[in-house]
Amino acid sequence: MKKRTVSEAFYKSLPVLAGYVVLGIGFGILMQKAGYGVLLTAAMSIFIFAGSLQYVGVSLLSGGAGIITTALTSLMVNARHLFYSISMTERYRDSGKYKPYLIFALTDETYSLLCDGKIPEGCDKNLFRFLVSLFNQCYWVTGSIIGCLLGSVLPFSTAGIEFSMTALFVASFTEQFITTRDHIPAITGLVSTLLCLLAFGSENFLIPAMVLITIVLTIVRGKEEGEK
Amino acid sequence: MREYLLVFIMAFVTIILRFLPFIVFRKKVPPYIQYLGKVLPQAIIGMLVIYCLKDVSFASSSQALPVVIAVLSVVLLQVIKRNSLVSILGGTVIYMVLVQVIF
């Protein structure tokens, strides 16, 4: 049963393998370009394990951000993890010794693999979820170390590789837009942020944008409730 | 040392965010939080898209055009293929070719 669980978990994690290695390499290259070594790069991928924050983190590190800016940016960029956790509270409730790691490793990609709750036949469900999460993190850590080590010796110019982060979000945005019927949240996010960018400038717009998004969505909910 | 302090803060905040709901909602999730849990992920991704594009100067066509073309390619690839990996790789390669070779 154990062997079967390992192979099923590996199979389940395959769609994330290439993506994490590529995005991890992209992150590693950014770190190397910003002048940071393998140790710091690996530490980020092991202890933070959140792709978007790590990408943003490179500019926090190199841009001389302070403690409060860093904490607030982490809060803003990763606030969505609250909601992944909220929707997994039921499923992870009885996962025993695996629970702390399962919660720690709940990234966008891991969430999207495990949120349907399906477990292959003949597998220990907690071990299966644990291994899928662990394999994903291995891909991520490996990719970022490769990127940091080989960034400068890759046989082609890497100018423009930073676009992979934009591409990741644009792809997720498009996918969510296709799969959900209610487009109000997505449009609220885009428009509120754009307005705040224009109003507050590119340094200070994230926090007002978060506040505005929450207010607008709360008003929308009030309206929907009123209509019912 | 400053770098490690900042990394510690990023890790700490992320861990708190991931664990908090499990600690607070051991029993029941209030409807308002359930609602936010449902709508916020999409809004946040929208916010992150704008965040990535914040430093693009739309006054300069050599800077704006590669971004616009590559973003549209990602959208198009995602609509056609429905595979995020293909869209991310495709869009990034297109962007890299545009900035390195053409613009």
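Further up the page is the structure itself.
Scope of this entry: the structure provided in the associated data block. In this text the structure is predicted, and so the values were computed from the model without any measurement. (Residues numbered from 1 in each chain as written. Chains lettered and ligands numbered in written order. Predicted model: local features only at pLDDT ≥ 70, side-chain atom pairs only at ≥ 80, totals over all residues. Heavy atoms only, no water.)

Here we look at the overall build of chain A
Here comes step 1: Counting secondary structure elements, chain A contains 11 helices and zero strands.
Here comes step 2: Listing every helix and strand of chain A by position from the N terminus yields α-α-α-α-α-α-α-α-α-α-α.
Here comes step 3: Dimensions of chain A, computed from C-alpha atoms along their principal axes, come out at roughly 55 × 50 × 30 Å.
Here comes step 4: Summed over its atoms, the accessible surface of chain A is roughly 10300 Å², and 67% of this surface lies on carbon and sulfur atoms.
Here comes step 5: Both charge centroids of chain A, one from 17 positive and one from 15 negative side chains, sit 7 Å from each other. (Helix = DSSP H or I, 4+ residues; strand = E, 2+ residues; numbered from the N terminus. Areas by Shrake-Rupley, 256 points an atom, 1.4 Å probe, with all protein chains shown as cover. Lys, Arg positive; Asp, Glu negative; His and termini not counted. Charge placed at Lys NZ, Arg CZ, Asp CG, Glu CD.)

Describing the pattern of salt bridges
Here comes step 1: Counted under the stated rule, the structure contains four salt bridges over all chains.
Here comes step 2: Glu175(A) is the partner of Arg82(B) in a salt bridge, and the nearest nitrogen-oxygen pair spans 3.0 Å. Placement of Arg82(B) in the loop between α3 (61–81) and α4 (84–102) and of Glu175(A) in helix α9 (residues 163–179) is noted, with the two residues assigned to different chains.
Here comes step 3: The exposure class of Arg82(B) is partly exposed, given its relative accessible area of 40%. (Salt bridge = Lys/Arg side-chain N within 4 Å of Asp/Glu carboxyl O. Buried < 20%, exposed > 50% of the residue type's maximum accessible area, 1.4 Å probe, protein only.)

Description of helix α5 (residues 80–88) of chain A
Here comes step 1: Counting buried residues in α5(A) gives seven out of nine residues, a clear majority hidden from the surface.
Here comes step 2: Restricting attention to buried positions, one finds in α5(A) the residues Arg80(A), His81(A), Phe83(A), Tyr84(A), Ser85(A), Ile86(A) and Met88(A).
Here comes step 3: Each element contacted by the buried residues of α5(A) is listed here: α3 (51–62), α4 (67–78) and α7 (108–114) of chain A together with α1 (2–24) and α2 (31–52) of chain B. (Contact = heavy atoms within 4.5 Å.)

Overview of the packing of α5(A) against α2(B)
Here comes step 1: Remark: α5(A) packs on α2(B), axes separated minimally by 9 Å, with the N-to-C direction vectors making an angle of 140 degrees. Our pair here, α5(A) against α2(B), has a crossing hand that is left-handed. Between α5(A) and α2(B), the residues in contact are Arg80(A), Phe83(A) and Ile86(A) and Ile33(B), Leu36(B), Gly37(B), Leu40(B), Pro41(B), Ile44(B) and Leu48(B), respectively.
Here comes step 2: Looking at side-chain class alone, the contact of α5(A) with α2(B) contains eight nonpolar, one polar and one charged residues. (Axes fitted to C-alpha atoms, helices over the stretch in contact; angles between N-to-C directions. Left-handed = near helix turned anticlockwise from the far one by under 90°. Nonpolar A, V, L, I, M, F, W, Y, C, P; charged D, E, K, R; others polar.)

Side note on the side chain of Ser192(A)
Residues and elements named next belong to chain A.
Here comes step 1: Among the secondary structure elements, Ser 192 is positioned in helix α10 (residues 184–200).
Here comes step 2: Of the residues examined, Ser 192 reaches a relative accessible area of 5% and is grouped as buried.
Here comes step 3: One polar contact links the side chain of Ser 192 to the main-chain carbonyl oxygen of Thr 188, over a distance of 2.5 Å.
Here comes step 4: Residues contacting Ser 192, with those up to four places away along its chain left out, are Leu 212, Ile 213 and Val 216. (Polar contact = N/O pair within 3.5 Å; in protein donor to acceptor, adjacent residues only side chain to side chain.)

Quick notes on the packing of aromatic side chains
Each pair of aromatic rings is reported with the distance of its centres and the angle of its planes.
Here comes step 1: Following the criterion strictly, the structure yields 14 aromatic pairs over all chains and no others.
Here comes step 2: Note on Tyr101(A) and Phe104(A): the rings are 6.0 Å apart at their centroids and 45 degrees apart in plane angle, and the pair reads as tilted. On the criterion of helical spacing, the pair formed by Tyr101(A) and Phe104(A) is a turn pair, its members being three residues apart in helix α6 (residues 99–104).
Here comes step 3: We classify Tyr101(A) as buried; its relative accessible area is 18%.
Here comes step 4: An aromatic cluster is defined as three or more aromatic residues linked by ring pairs; in this entry it consists of Tyr20(A), Phe27(A), Phe49(A), Tyr55(A), Tyr98(A), Tyr101(A), Phe104(A), Phe130(A) and Trp140(A).
Here comes step 5: When the ring centre of Phe104(A) is taken as origin, the NZ or CZ atom of Arg18(B), which lies over that ring, is 5.8 Å away.
Here comes step 6: Between Lys54(B) and the ring centre of Tyr51(B), over which it is positioned, the NZ or CZ distance is 5.1 Å. (Phe/Tyr/Trp six-rings, centres within 6.5 Å; stacked < 30°, edge-to-face > 60°. Lys NZ or Arg CZ within 6 Å of the ring centre and 35° of its normal.)

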